[in-house]
Amino acid sequence: DINITYEECELVDKIVTRLNFFGKNVEVQLLDHHGSGQSQSKTFKWYFLDTARSATKITYDYFRKNYKPLKPLHSSMKAYVDAVNAYDLWNMDDKGFEFGKVLNRACVDSRELNPNIFPVDNFQYRKHNLEASFEYLGEDRYIDFDDAILSVKKRFLSSDGTRDTIDNLVANYILRLLNHNKENMTIQMQDYKGILTNAIGNTSVLGNAFLKDNPDYDFFIDIGHGGNVSLRSDDRVDVSQIASRYFNGGGHPNAAGGRVQGLKEIYIYSSLKRQIEDRFCS
């Protein structure tokens, strides 16, 4: 499901040709369903384009034709693929369309665990929701699945079976992840020790809970989308001063905010941490 430009295709072709000239055995196969790839698909033999199928169905059909599965596919896989295909192409008359619409919300739109900070847990969470959906692939079962989504999510987030609201379960789950990963997320600013997160959501609750669990940390800082900054403390440092000095912001001693100007687009957490440390922690 990658749509690359003609120039990028030329670069890929050049690299592969060079590698094979030096004795490597490299084969490229790109599967795409974006109409903007028409010119590329006509020029480069490894660029396969089919705008009549979704990326999921193209990939499923390709591997079914060319590779023997490492293990037997789930019996519901084809029905799942057809539902995704119907929703992606907006085929409202297809019997799988409504299920695909619910499935998209349960998996693609499940953003409770930030993939930049917790990629493994985010993957496991979406995989859990996806696998739970197979039970509801029968005729007109999409409403049952819609009713069950909240319970499905809670089963993943509550490892010990604790009964609580989804907001509290998400906050507690993320807090456990922060406590487990805090050494890799620690930054120093003005001789104060803090933890850096990225668009984590619910900053007040998580920030205060983390600082309560970790008295050796002085502040909690979250950099959101577009460079928006949220700072929290627990009477250990005046974060309004940090916000004013570094982020052209302000606020209260224990809750402040600001903005990082010129922040490069973030896809992985380590990129964010490197940018913040290079600019504000040296």
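These remarks concern the structure in this document. These numbers come from a predicted model, not from an experiment. (Residues numbered from 1 in each chain as written. Predicted model: local features only at pLDDT ≥ 70, side-chain atom pairs only at ≥ 80, totals over all residues. Heavy atoms only, no water.)

### Let's talk about the pairing of strand E6 (residues 228–233)
Bridge count between strand E5 (residues 219–223) and E6: five bridges; the pairing is antiparallel. In the strand pairing of E6, Phe219 is matched with Ser233. In textbook terms, the turn of a hairpin is the stretch between consecutive antiparallel strands, and for E5 and E6 this stretch comprises four residues, one of which, Gly226, has a positive phi near 80°. Both E6 and strand E8 (residues 255–259) contribute to a ladder of five bridges, which runs antiparallel. Looking at the pairing, Asn228 lines up with Arg259 of E8. (Pairing = 2+ DSSP bridges. Helix = DSSP H or I, 4+ residues; strand = E, 2+ residues; numbered from the N terminus.)

### Let's talk about the pattern of salt bridges
Counted according to the given criterion, the structure contains 14 salt bridges. Between Asp109 and Arg111 there is a salt bridge, with the nearest N and O atoms lying 3.5 Å from each other. A relative accessible area of 60% means that Arg111 is categorised as exposed. A salt bridge links Glu112 to Lys153; the nearest nitrogen and oxygen atoms lie 3.1 Å apart. With a gap of 41 residues between them, Glu112 in the loop between helix H5 (97–107) and helix H6 (119–133) and Lys153 in helix H7 (residues 142–157) connect regions that are remote in the sequence. By relative accessible area, Lys153 is classed as buried at 10%. (Salt bridge = Lys/Arg side-chain N within 4 Å of Asp/Glu carboxyl O. Buried < 20%, exposed > 50% of the residue type's maximum accessible area, 1.4 Å probe, protein only.)

### What about helix H1 (residues 6–21)?
Along its 16 residues, H1 runs 22 Å from first to last C-alpha, staying within 8% of the 22 Å computed at 1.5 Å per residue. Positioned one or two residues after H1, Gly23 has a phi angle of 95°, which is positive. (Expected span 1.5 Å × (residues − 1).)

### What about the sheet that holds E5?
Here we have six strands laid out as an open sheet, ordered E3-E4-E5-E6-E8-E7, and mixed in their pairing. In the strand order of this sheet, the two ends are held by strand E3 (186–189) and strand E7 (250–252), each with one partner. Averaged over all adjacent pairs, the angle separating strand axes in this sheet is 25°, with direction ignored. In this fold helix H11 (residues 269–280) packs onto E3, strand E4 (192–198) and E5, with an angle of close to 140° to the strand it touches most, E4. (Axes fitted to C-alpha atoms, helices over the stretch in contact; angles between N-to-C directions. Contact = heavy atoms within 4.5 Å.)

### Here we look at helix H4 (residues 77–88)
The end-to-end C-alpha separation of H4 is 16 Å, in line with the 16 Å expected for 12 residues at 1.5 Å each. The set of residues buried in H4 consists of Tyr80, Val81, Ala83, Val84, Asn85 and Ala86. If you follow the buried residues of H4, they end up packed against helix H3 (55–66), H5 and H6. Looking one or two residues beyond H4, the residue adopting positive phi is Trp90, at roughly 55°.

### Quick notes on the side chain of Asn214
Here Asn214 lies in the loop between helix H9 (203–213) and E5. The buried category is assigned to Asn214, whose relative accessible area is 2%. Polar side-chain contacts of Asn214 include one of 2.7 Å to the side chain of Asn179. Every residue in contact with Asn214, bar those within four places of it in the chain, is listed here: Asn179, Lys182 and Arg236. (Polar contact = N/O pair within 3.5 Å; in protein donor to acceptor, adjacent residues only side chain to side chain.)

### Description of the packing of H5 against H6
Look at H5 against H6: their axes get within 9 Å of each other, and the N-to-C directions meet at 155°. On the basis of the axis angle, H5 is roughly antiparallel to H6. Crossing geometry of H5 relative to H6 is assigned as right-handed. Across from Phe99, Leu103, Ala106 and Cys107 in H5, the residues of H6 making contact are Arg126, Asn129, Leu130 and Ser133. Broken down by class, the residue content of the contact of H5 with H6 amounts to five nonpolar, two polar and one charged. (Parallel < 35°, antiparallel > 145°, perpendicular 65-115°, else oblique. Left-handed = near helix turned anticlockwise from the far one by under 90°. Nonpolar A, V, L, I, M, F, W, Y, C, P; charged D, E, K, R; others polar.)

### A look at the nonpolar core
With 44 residues, the main nonpolar core has Leu178, Phe219, Ile221, Leu231 and Phe247 as its most contacted residues. In terms of residue count, helix H8 (residues 166–181) provides more of this core than any other element does, nine residues in total. Apart from residues no more than four positions distant in its own chain, Leu178 is found in contact with Phe118, Met185, Ile195, Thr197, Ile200, Phe210 and Phe220. Tyr60, Ala83, Ala106 and Tyr136 belong to the second largest nonpolar core, which has 17 residues in total. (Core = buried A, V, L, I, M, F, W, Y, C linked by side-chain atoms within 4.5 Å.)

### Section: the packing of aromatic side chains
Inspection of the entire model under this criterion finds 20 aromatic pairs. Through successive ring pairs, a cluster of aromatic residues spans Tyr6, Phe44, Trp46 and Tyr47. (Phe/Tyr/Trp six-rings, centres within 6.5 Å; stacked < 30°, edge-to-face > 60°.)

### Notes on the side chain of Lys273
By the secondary structure assignment, Lys273 is in helix H11. Take Lys273: its relative accessible area is 13%, and that puts it in the buried class. Not counting residues within four places of it along the chain, the set of residues in contact with Lys273 comprises Asn184, Met185, Thr186, Ile187 and Leu196.

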